[in-house]
Amino acid sequence: MGYKSILTVLSDARQLPQLDAAAALAAREDGHLSVLSLGLDHTQVGYYFPNGMPYAFQDAIDMAVDQAGSLDQQVRQHLARYSDLRWSSEAAVAQIGGIANLVGMRARFSDLTVLSRPYGEDAPGEAEAVVEAALFEGCCPVLVLPGTELPSDPPSKVVIAWNQSIEALAAVRRALPLLQSAGSVEITVIDPRAGADGSEPGAPLAQMLNRHGVHADIAVLARTAGTVSEEINRRATEIGADLVVMGAYGHSRFRQAILGGATRNMLEKAKVPVLMAR
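Residues numbered from 1 in each chain as written. Predicted model: local features only at pLDDT ≥ 70, side-chain atom pairs only at ≥ 80, totals over all residues. Heavy atoms only, no water.

Visitor: How do you make sense of the side chain of D72 when you look at a structure like this?
Guide: Inspection of the secondary structure assignment puts D72 in helix 2 (residues 53-79). For D72, a relative accessible area of 11% gives the class buried. Discounting chain neighbours no more than four positions away, the residues touching D72 are S37, S89, E90 and A91. (Helix = DSSP H or I, 4+ residues; strand = E, 2+ residues; numbered from the N terminus. Buried < 20%, exposed > 50% of the residue type's maximum accessible area, 1.4 Å probe, protein only. Contact = heavy atoms within 4.5 Å.)

Here it is as structure tokens:
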């Protein structure tokens, strides 16, 4: 099993470097890369003079169409350099509220979505909505890149952030192709709770992975950092991991937006690429 259908979504020319990472992965997996170039209509109803709404709508749509077309053209020129890559590119226009359905439908029929980190100075404002659309509407695992580099080929060391949740197990299953090719895998358990069956923390997961040909060590850690995400980042740096696998949004998006959470914090502060699923 591998990643044969890989999706990446762009809404700004500053995201073009992520194409190289997505293309490299598609070539490595002998898969097909699909690129969606978004033009966004930012029209806000109620902020225009009387009878001016149709003109405002048309101007916003025209600008979004031009944006999507220009970005799509840049994508095609960029990918034309790859002679051994199967790829397709399309342009689409949406309002902010329409991103979920548009991106979700493409992600739903993809094995993996590759995106840049949605927070930071260079991240466009809609990047968070694109990540969440792939995860929630598309039910697709997302590989989030803190920069433009993929894990080494294959990943040399992988950390599985394990908390026994359904989301974490979904991420592990979606990451199996990468785990099977990794040189080293560690199941990192932070402040574990006792399993319902009395088993050691991480042991059932290690057994499952072993049956898939993945030997995984288990590290049980006490939380000494302020947050779980800081502990995961610290551990990944400490052992030289080049990929983290974790579940996404075990708590609601609203709660994480207000109070924070491991998913939100990792999307913002991850030091290495993170594969998330739910």
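Visitor: Looking at this structure, how should I read the pairing of strand 5 (residues 142-145)?
Guide: Along any regular strand the residues' side chains alternate between the sheet's two faces. The alternating pattern of strand 5 places V142 and V144 on one face and L143 and L145 on the opposite face, and all of these are buried. With four bridges connecting them, strand 4 (residues 112-116) and strand 5 associate as parallel partners. Note on strand 5: the bridge partner recorded for S116 is L145. Since strand 4 and strand 5 lie parallel, the crossover through helix 4 (residues 127-137) that links them has a hand, and here it is right-handed. With three bridges connecting them, strand 5 and strand 10 (residues 274-277) associate as antiparallel partners. Of the residues in strand 10, the one forming a bridge with V144 is V274. (Pairing = 2+ DSSP bridges. Right-handed = clockwise from strand over helix to strand, strands pointing away.)

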